Amino acid sequence: MASREGKRRNHHNHNHENLVPLAALISRETKAAKMEKPFVRYGQAAQSRKGEDYFLIKTDSLRVPSSSSTAFSVFAIFDGHNGKAAAVFTRENLLNHVLSALPCGLNRDEWLQALPRALVSGFVKTDKEFQSRGETSGTTATFVIVDGWTVTVACVGDSRCILDTSGGSVSNLTVDHRLEDNTEERERVTASGGEVGRLSIVGGVEIGPLRCWPGGLCLSRSIGDMDVGEFIVPVPFVKQVKLSNLGGRLIIASDGIWDALSSEVAAKTCRGLPAELAARQVVKEALRRRGLKDDTTCIVVDIIPPENSQEQPLPSPPKKHNNFFRSLLFRKKSNKLSKKLSSVSIVEELFEEGSAMLAERLGSGDCSKESATGGGWMFTCAICQLDLAPSEGISVHAGSIFSTSLKPWQGPFLCTDCRDKKDAMEGKRPSGVKVI
């Protein structure tokens, strides 16, 4: 299975009750905004074959209402299959579900620390709501939040996000959830009750990539796909990094790009071009190499240092690289060299987690709040945000063999429906949703 230990430095859980007055929060954020933020420039290009690729670009989201200094940007790609319904639904609902899972009154650092858990909740809630419609469509989701120099990426499926730094180093910020390529995901699916194999034709000859049966999906994680089975989970891989003050370029694309180009080739193809032209060039190169065999969508996001007043694209790297700096591309937050290396393309890794188990991804913490009606204390479902009485909430750790170090009466808590969803994803019970 995927790693069960998220890497977070100085991470703390926060109660809903620790609220900060809006005026004080805006004042605090305004002071923090005096630290110069990078420019964010983006471009998008696509060629359609089946009409199932959708994307989201939103650059005016606010952490604190009416405070422009708290703006952040969202970029996402949804590659649908078996119809476009899941991709459209996810584009319209995922962001709101993620934001609704974040506690109120957090400052910027607290907000960024809470974001990975909120992304898990948002992905699962979106999947749960879409499956309740009884449709069999599914979609990948690669969801990117850019707040200043910090980039947070969550993904299910095989729509990839890569980072190209000004030093010329290319790294994947996502994991491809393809059964063919991911041994840990194959083991998880079979352990949860799924069957993995290739398509068998006349004579018993097996062809094509590994797929999950029933359904024949070649992905191990997605949103939707209720006809395949709940062991195809919507729990995302999440990675959060902080760029150096030299910035970097993100390339977010559907598998129509990555089936034709490697991460390194995609980055090299568009270096030196502004974001809009870069996105077009990546699509053009993918089509040149492979033709239009699938929907092909690309978003390029440039995070540009503020001192670059002309807002030019990131320069092409020198032909020769210093191997020492290349080996230091990713450094942990606690590294003592971080300040000394701030002028080179060092990426500070803040968080990474890929486990499919909700008990591990939602962590531990108090999700209680005082009832507005004076009826004592209420609990909130960690996934759907439904208010629960203490007698209604079921701990996410209850009955979990993966959380033996935690007390089963500790939060966060789930409502009955979300607990059923969790059990179905782990193969403990069949999904109660019927396919139309």
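Throughout what follows, the structure given in this document is the object of discussion. Since we're looking at a predicted model, the values are computed, not measured.

1. Quick notes on the packing of aromatic side chains
Part 1 of the argument: For the structure shown, the criterion picks out three aromatic pairs.
Part 2 of the argument: It is R63 that lies over the ring of W111; its NZ or CZ is 5.8 Å from the centre.

2. A short note on the nonpolar core
Part 1 of the argument: Membership of the largest hydrophobic core comes to 29 residues, with the highest contact counts inside it found for F78, W111, L119, F123 and F143.
Part 2 of the argument: Taken together, the elements giving at least two residues each to this core come down to strand 2 (53-62), strand 3 (71-81), helix 2 (85-100), helix 3 (108-131), strand 5 (141-147) and strand 6 (150-156).
Part 3 of the argument: By size, the runner-up hydrophobic cluster in this structure holds 20 residues, among which are A253, L261, A275 and A278.

3. With respect to the sheet that holds strand 7 (residues 160-165)
Part 1 of the argument: Read across the open sheet, the five strands follow the order 1-14-13-7-8; overall the sheet is antiparallel. In the strand order of this sheet, the two ends are held by strand 1 (39-47) and strand 8 (170-172), each with one partner. Averaged over all neighbouring strand pairs, the angle between strand axes comes to 20°, with direction disregarded.
Part 2 of the argument: Relative to strand 14 (residues 296-304), strand 1 is paired through nine bridges, and the arrangement is antiparallel. Of the residues in strand 14, the one forming a bridge with F39 is I304.
Part 3 of the argument: Here helix 7 (residues 275-290) sits on the sheet in contact with strand 1, strand 13 (248-253) and strand 14, set at roughly 30° to strand 1.

4. Considerations on helix 6 (residues 263-270)
Part 1 of the argument: For helix 6, the set of buried residues is S263, A266, A267 and C270. Take helix 6 and look down its axis: the buried residues cluster within an arc of 95°, on one side only.
Part 2 of the argument: On its buried face, helix 6 sits against strand 7, strand 8, strand 13, helix 5 (255-258) and helix 7.

Rules used throughout
- Residues numbered from 1 in each chain as written.
- Predicted model: local features only at pLDDT ≥ 70, side-chain atom pairs only at ≥ 80, totals over all residues.
- Heavy atoms only, no water.
- Phe/Tyr/Trp six-rings, centres within 6.5 Å; stacked < 30°, edge-to-face > 60°.
- Lys NZ or Arg CZ within 6 Å of the ring centre and 35° of its normal.
- Core = buried A, V, L, I, M, F, W, Y, C linked by side-chain atoms within 4.5 Å.
- Buried < 20%, exposed > 50% of the residue type's maximum accessible area, 1.4 Å probe, protein only.
- Helix = DSSP H or I, 4+ residues; strand = E, 2+ residues; numbered from the N terminus.
- Pairing = 2+ DSSP bridges.
- Axes fitted to C-alpha atoms, helices over the stretch in contact; angles between N-to-C directions.
- Contact = heavy atoms within 4.5 Å.
- Arc of directions from axis to C-beta.

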